[in-house]
Amino acid sequence: MTVSTNESPEQLGAAGVGQPGFVARYGLFDDRQANAAELVAARIRELDLRTVRMVVVDQHGMPRSKSLSADAALAVLANGLDFSGAIYSLDTGNQVFVPAFAAGGGFGIDEFTGFPDVVLVPDPTTFQVLPWADRTGWMLCDVYFGNGQPMPLDGRGLLRRTLAELAGTGHDYLAGIEIEYYIVKLESDRITPENAGFTPPPPEVSVFERGYQYLSEVRLDSVSSTLEAIRDALWDVGLPPRAMEDEWGPGQIEFSFSPIAGLAAADAVVLFRSAVKQVCQRRGLLASFMCRPALPNFFSSGWHLHQSLISHADGSNAFASPDEPLSALGRQYVAGLLEHALPMSPFSTPTVNGYKRYRPYSFAPDRVCWAVENRGALVRVQGSAGDTSSHVEMRIGEPAANPYLYLAANIAAGLDGIRRGLEPPPAVEADPYVADAPMLPTSLADAVSALDGDKFYREAFGDTLVNYLLQMKRAELARYDAAVAQNPPAEGQDVSDWEMREYFEFY
């Protein structure tokens, strides 16, 4: 598609970004994106924006960006944006985990030799004006090599392909996002130079809100000014929260959103987490999506992913049944989730820290089972006979998960269950923590081993992506093991100092 930004080819080239005509040359916009690009260009001019952030979501699910002038942003809509491919060589501590300057980037992709640039192509349908930043726009980007080929490590591209496979069965995907996180007060923003390396100590913090009064209105009101600022920011970027709740621990908050279709659901998680962190840091606070901070009396946080399929034929919920809580197709989807739950773990729970959450009677799952309306099960069915909103809730995820990988892993597993006509084992009737069922991995190392030996995700996602993620996570585990050997946690301390340095501020 040709994108017009009312600029001459000479002006577009003069902006010095990307490759002139890159988007049109390789046909990278569909009709909807091409139309949106016209509207975005007009909006940038109308609002006299001074900055537009071009954002790519990395392998950790974290947004990386360049802030461009308005003129450069207009050019990028046609040319793409050169962006350092070195981000794909970085682990969660921002350290290069592959041999520097090795052939194939150290992970077997020829185009990555020599730390080259990749080309970001903004998706104009994701454009937002950030209400907390001065005259600043924001767009998510897809990632390509300079030859116009999709970059195979891009999670957004993976999810788009997985959704296309699902669409081939006559269904679209609908997700309900429900994420817990912590807000804490920053006691000091001072970091001495000797503590500014890989990785700095976690910041000194204090409690933002008293905990352990679940769903207390009074406790929630005590932090209302911050929550209202977050609410308004999310509202202004098109993500009005459906609910804001006071969770279990001190300053532990849960936000949920009305169902969102397809790729936009994962995009929403990126924007949500980024907005929360930015609004909080401007108020002298830290929002952390780390699963289990090593702070006294802090409880684990989770990401519960609600899912249903919508029929192309009539727009109905394919998981609804007039006679059962879940349709036959819904049970097949559940069977796929259960069958692939163990190798799914690195996608849903990518950190060392996240496995501290899988504990008996913690309201987090510890084994592979399903149930109707039971919060202890891995997969919880919400609904009843005749309920047109019946759906399944996957409770495996941690808040730090890469949303594109997490959703794609669920969809691929559920789709496999549908294609093979699988039937799940009997649903748990009472206590899921005593069910005779396979246990979830108790460590990232176990989860990595499960994925390494799994054929399904290699076929669904490709060896290139799976081997890359395994290599990265093994490097992360090696650093963790070395740190713990050098500085063993104190007796009774289940979360190491290394985890706090690695994850608390980053996520």
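Since this is a predicted model, take the numbers as computed values, not measurements.

Here Gln33 is to be found in helix 3 (residues 31–46). At 3.3 Å, the side chain of Gln33 and the side chain of Asp123 are in polar contact. Sequence-distant contacts of Gln33, that is, excluding residues within four places in its chain, are made with Leu28, Asp123, Pro124 and Thr125.

Topologically, Ala36 is positioned in helix 3. Judged by relative accessible area, Ala36 falls into the buried class, the value being 14%. Between the C-alpha atom of Ala36 and that of Thr125, which follows or precedes it by 89 residues, the distance is 5.8 Å. Once residues within four sequence positions are removed from consideration, Ala36 is found in contact with Pro124 and Thr125.

Another aspect to go through is the pattern of salt bridges. Throughout the structure, instances matching the rule amount to 26 salt bridges. Taking the shortest distance from any N to any O, the salt bridge between Arg135 and Asp134 comes out at 3.1 Å. Residue Asp134 is classed as exposed on the basis of its relative accessible area, which comes to 55%. Note that Asp142 is salt-bridged to Arg156, the shortest N-O span being 2.9 Å. Taken as a pair, Asp142 in strand 6 (residues 136–144) and Arg156 in helix 5 (residues 155–167) lie far apart in primary sequence, 14 residues in all. Take Asp142: its relative accessible area is 5%, and that puts it in the buried class. Salt bridges sharing common partners tie together Asp123, Asp142, Arg156, Arg160 and Asp267.

Along the chain, the position of Ser443 falls in the loop between helix 11 (403–420) and helix 12 (444–452). Along the backbone, Ser443 and Ser345 are 98 residues apart, and their C-alpha atoms lie at a distance of 9.8 Å.

Here is what the cut-offs are and how they apply
- Starting from 1, residues in each chain are numbered consecutively following that chain's sequence as written.
- Local features in a predicted model are, by the rule used here, given only for residues with pLDDT of at least 70; side-chain atom pairs are given and counted only at 80 or more, and totals for whole chains, interfaces and linings are based on all residues.
- Values reported for side chains reflect all heavy atoms of the structure, with hydrogen atoms and water molecules removed beforehand.
- Secondary structure is summarised from DSSP: a helix means a run of H or I of at least four residues, a strand means a run of E of at least two, and numbering begins at the N terminus for each.
- Two N or O atoms form a polar contact when they lie within 3.5 Å of each other; inside protein one atom must be a possible hydrogen donor and the other a possible acceptor, and for residues adjacent in sequence the pair counts only when both atoms belong to side chains.
- Only heavy atoms matter for contacts: two residues are in contact if any of them lie within 4.5 Å across the pair.
- The buried label applies to any residue whose accessible area, calculated with a 1.4 Å probe on protein chains only, is under 20% of its type's maximum; exposed applies above 50%, and partly exposed to all values in between.
- A carboxyl oxygen of Asp or Glu within 4 Å of a side-chain nitrogen of Lys or Arg is what we treat as a salt bridge.

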